[in-house]
Amino acid sequence: MIRNLKELYQYRALLWALTARELKARYRASVLGFFWTFLNPTLNMLVYVLVFGVIMATTVERYPFFLFCGLLPWVFFASSVMGGTTSVSDRKDLLTKVRFPAQVLPATVVATNLVNFLLSLPLLFLLGAMYRDWPTWHLLFLVPVLVVQTFFTLGVTYLLSALNVAFRDLQHIVANLVQMLFFLTPVLWNVETIPPVKRWGLDLTAEQARDVVLYANPMAAVMNAWRDIFYRHEVPAWQPLAAVAGISLVLMWISSGVFERRREEFAELV
Amino acid sequence: MSADGQDAIVIRGLVKSFKKTSRRKEITTLKSELVRALTFQKREAEPPQLIQALRGIDLRIPRGKTVGIVGRNGSGKSTLLKLVTGIYTPTSGTIEVHGRISALLELGAGFHPDFTGRENILINGIILGMSRAEVKARVEQIIEYAELGDFIDEPVRTYSSGMFMRLAFAVATHVDPEILIIDEILSVGDEHFARKSYAKMNEFRHGGKTILLVTHGLSTVETWCDLAAWIDGGRIRMFGEPRQVVAEYRRAIAAAEAEAEKTGTSALSAPGLALPQTAPAAAPAVSTRLTAVRLQDVAGAAPATFTAEGGVTVLLDYDVSPRALARFGVDVMSADGRLVFSLGHDAGELEGKGTVRLSLPRLGLADGVYEVLGTITRPGDPPAPPHRVALSVTGGAKAGVLRPVHEWKVERSS
């Protein structure tokens, strides 16, 4: 794992150049260009607000803002994982023609989406301002939460990108899983409104049910932390985040190993 | 270890095998793996289907030399280059590379069609191993070399294929490598740019760079390379002076073609198969064989070159024991391996040693070097490898193959 990160640092010029290119390429040749960075999540949000805020009339206050706090980091995660899965298998042109450090490819996807996420943050603050909701000092926690999420995303992406070279079914499976995970993660809904569970032989209080959600799904913990920072203006609970950090470390260790072991056959299989 | 630093590349016992991915019956997908896991079927213990592309290569590329690699399609040339470049990893064996490598395997790796030439230079340069600062320092030089004019600030997708190649070639050659690896791409662009790229290669050669070159242009190998390696069936068949290696390679191809003509099958029909050995087979106890093939002119001398209008006699020295029917054959091949003509003669029963003469009162060939292949066979036996001698012709037609008996006449109607 350390070696992987070290090599990644060694190739930072390449990583940066590719990331910059991806960002530029994303909106090149489109009329609205860079504004799609803002437009995409906004349109997305408006649909969800229409469905859950208006039609289903949720009780969550300032629902558009609430939704946006979760949606932006979710898009960062989902785009990274889906794009990252095919990042190695799609680059036959690079892997078979030149000596190319394959580990840069998944990292490029994550870095591109990370930058995109950061660029769309002003939009979040703008929306908050419309509700007279100003950022507080809790914004300081943005850094650790972002580090944890990026690390977790990298771990998932490395594993999936390495496996997808040999098993191309994975990219379709991943697309479906990400979609399912979206609904199981508190993006559209609030963890605090989870009711007590009294069925299937379970007897959980609301609090226990919430803990199950937060600890079973690493992304739930991260999403909740974003809400704490932007929406509730609280210090995020450190225990679920620490658990995610631990999971990320283990995952990264496994992913790096798998990636390293499979790397030799990339050029032959892509 | 080449402690003396004399060798740029040292390859020892290099083996590369590929797994055959198209297992007809079960293509490995996650689904099939899952189904197998769920139905508790054991993986059938079939041996993994391996294709050995390289079967043990030992090669030393001396520093500052230009080395040409020849061989048929599928003989393992490109695999070798990809291994040296580091795209593939060896199955076993080692490759030591001393110095910065630039590989011109495929030009324009990582070019993005929506970006301008200038932007692509940066990214391509970094992919090829330059630092950002190095690329920045050389950008103007590269642009000037590529001769794209104002197009340099247009998206690459608007380029003609020639412009694309020129830009890619310009970037690749400005990496300033110590070792340059080239796969069949010297003919870039139009006449003018092709000359320019040759000049660039010459600059590399004289600049003391090591060049490893794969090409099917045998004359390029003869005129350009200091050394040549012939890869056949995943092994080095010959390594040494380019002229000799190319000559041997041509002989083997010609032999395989002759064999194909006679038997209908040969190593040529299957890609990657080794060519037949051309060395004369050891004399068996029962022998019907040629001991020599000689060429003479009408005066009985053996000159270095023959004239197109003069005659030539082919002498086949035979040794037949015990007594047997014998059929003699003389084939003439052009330098590019085409059969010019094929003559045969049933000599009846022979025994002991002797000489058969084939007289051609007028040679009638165009200028060039030909190969005369002499054979002796007993009816029913498989054809034996032919004896070969070179036939050099001058003073005839400058082009084509034949110089027929002819006469020019001008008739004026007024």
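Peer 1: Which parts of the structure should I look at to understand the overall build of chain A?
Peer 2: Helix and strand counts for chain A stand at 11 helices and zero strands. Beginning at the N terminus, the succession of helices and strands in chain A can be written as α-α-α-α-α-α-α-α-α-α-α. Per-residue burial over chain A gives 38% buried out of 270 residues. Counting contacts in chain A only where the partners sit at least 6 residues apart, residues at least 24 apart contribute 76% of the total.

Peer 1: Looking at this structure, I do not really get the interface of chain A and chain B. What am I missing?
Peer 2: In this assembly, 20 residues from chain A lie in contact with 24 residues from chain B. Secondary-structure elements contributing two or more residues to the side of chain A that touches chain B are α2 (12-27), α5 (92-95), α8 (169-184) and α11 (238-269) of chain A.

Peer 1: How should the nonpolar core be read in this particular structure?
Peer 2: One broad rule of soluble globular proteins: the nonpolar side chains tend to lie buried together. By size, the foremost hydrophobic cluster in this structure holds 160 residues, and its most contacted members are A:V222, B:V67, B:I69, B:V70, B:I181, B:L212 and B:A228. Here the element with the most residues in this core is helix α4 (residues 63-85) of chain A; it accounts for 13 residues. Discounting chain neighbours no more than four positions away, the residues touching A:V222 are A:P73, A:V145, A:V148, A:Q149 and A:V244.

Peer 1: When you look at the confidence of the model for chain B in this model, what are you seeing that I'm missing?
Peer 2: The predicted structure's coordinates, where accompanied by low pLDDT, should not be read in detail. All names here are of chain B. Within chain B, residue pLDDT values average 80, and 85% of them lie at 70 or more. Counted against residues more than four places away or in other chains, residues 280-285, with its pLDDT under 50, gives five contacts. Interface confidence for the predicted complex, expressed as ipTM, amounts to 0.72; the pTM equals 0.69.

Peer 1: I tried to follow helix α6 (residues 104-130) of chain A on my own but got confused; where do I start?
Peer 2: Within an α-helix, residues lying three or four positions from one another point in the same direction, as the helix has 3.6 residues per turn. Residues and elements named next belong to chain A. With 27 residues, α6 extends 40 Å between its outermost C-alpha atoms, agreeing within 8% with the 39 Å of an ideal straight helix rising 1.5 Å per residue. The largest bend in α6 comes to about 30°, at S120, with the proline P122 one to four residues further on. At the exit of α6 stands R132, carrying a positive phi of roughly 55°.

Peer 1: Where do I start with the sheet that holds strand β6 (residues 179-183) of chain B in this structure?
Peer 2: Residues and elements named next belong to chain B. Judged by pairing direction, the sheet is mixed, and its six strands sit side by side in the order β5-β6-β7-β3-β8-β9 without closing on themselves. The outermost strands of the open sheet, each flanked by one partner alone, are β5 (101-104) and β9 (235-240). Averaged over neighbouring strand pairs, the angle between their axes works out to 15° when direction is ignored. Looking at chain direction, strand β3 (residues 66-70) and strand β8 (residues 227-232) are connected through four bridges and run parallel. Of the residues in β8, the one forming a bridge with V70 is W230. The strands touched by helix α8 (residues 242-263) within the sheet are β3, β8 and β9, with β8 carrying the most contacts at an inclination of about 25°.

Peer 1: Explain the pairing of β5(B) here, please?
Peer 2: Along any regular strand the residues' side chains alternate between the sheet's two faces. Residue and element names in this part refer to chain B. Burial along β5 is two-sided: the residues I101 and A103 and S102 and L104 are all buried. The sheet contact formed by β5 and β6 spans four bridges and is parallel. Residue pairing in the sheet places L104 in a bridge with I182 of β6.

Peer 1: Where do I start with the sheet that holds strand β2 (residues 50-62) of chain B in this structure?
Peer 2: Hydrogen bonding along the main chain pairs the strands of a sheet, whether they run parallel or antiparallel. Residue and element names in this part refer to chain B. The strand order across the open sheet formed by three strands is β2-β1-β4, and the pairing between neighbours is antiparallel. The open sheet has two edge strands with one neighbour each: β2 and β4 (92-97). Across the sheet, the axes of successive neighbouring strands diverge by a mean angle of 20°, strand direction being ignored.

Peer 1: How do you make sense of the packing of helix α3 (residues 36-55) of chain A against α4(A) when you look at a structure like this?
Peer 2: Angle between the axes and distance between the axes are the two parameters that describe a pair of packed helices. Residue and element names in this part refer to chain A. Between α3 and α4, the shortest axis-to-axis distance is 10 Å and the interhelical angle comes to 130°. Considering their axes alone, α3 and α4 lie oblique with respect to each other. At the point where α3 passes α4, the crossing takes the right-handed sense. Two secondary-structure elements touch here, α3 through P41, N44, M45, Y48, V49 and G53 and α4 through Y63, P64, L67, F68, L71, L72 and V75. Taken together, the residues of the contact of α3 with α4 break down into 11 nonpolar, two polar and no charged.

Peer 1: Mind showing me how you'd approach the environment of B:R237 here?
Peer 2: Residue and element names in this part refer to chain B. Relative to the elements of secondary structure, R237 occurs in strand β9. Given 19 C-beta atoms within a 10 Å radius, R237 is considered partly exposed. Considering only alpha carbons, one finds R237 and E248, 11 residues apart in sequence, at a separation of 9.8 Å. Each residue touching R237, except ones within four places of it in the same chain, is listed here: W230, I231 and D232.

Cut-offs used in this document
- Residue positions within a chain follow its written sequence, with the count starting from 1.
- Chain A is the first chain written and ligand 1 is the first ligand written, with later ones labelled in order.
- Per-residue local features of the predicted model are confined to residues with pLDDT of at least 70, and side-chain atom pairs are confined, for both listing and counting, to 80 or more; whole-chain, interface and lining totals are unaffected and use all residues.
- Put simply, DSSP marks the helices as runs of H or I at least four residues long and the strands as runs of E at least two long, and each gets a number from the N terminus on.
- To assign burial, the other C-beta atoms lying within 10 Å of each residue's own C-beta are counted, with C-beta atoms placed from the backbone; 20 or more indicates buried, 12 or fewer indicates exposed, and intermediate counts indicate partly exposed.
- Any two residues are considered in contact once their C-beta atoms, placed from the backbone, lie within 7 Å.
- In plain words, the nonpolar core is the set of buried Ala, Val, Leu, Ile, Met, Phe, Trp, Tyr and Cys residues that C-beta atoms within 7 Å link up.
- As a per-residue measure, pLDDT reflects the predictor's confidence and takes values from 0 up to 100.
- For a helix, the expected span equals 1.5 Å multiplied by the residue count minus one.
- Throughout, the bend at a residue refers to the angle made by two axes, fitted to the seven residues ending there and to the seven starting there.
- Here, a strand pair is defined by DSSP locating no fewer than two bridges between the strands.
- Throughout, an axis means a line fitted to C-alpha atoms (over the contacting stretch in the case of helices), and angles, computed between N-to-C directions, take values from 0 to 180 degrees.
- Roughly parallel means an angle under 35 degrees; roughly antiparallel, over 145; roughly perpendicular, 65 to 115; everything else is oblique.
- Left-handed describes a crossing in which the near helix is turned anticlockwise from the far one by less than a right angle; the clockwise case is right-handed.
- Three classes are used: nonpolar for Ala, Val, Leu, Ile, Met, Phe, Trp, Tyr, Cys and Pro, charged for Asp, Glu, Lys and Arg, and polar for all others, with Gly counted as polar.

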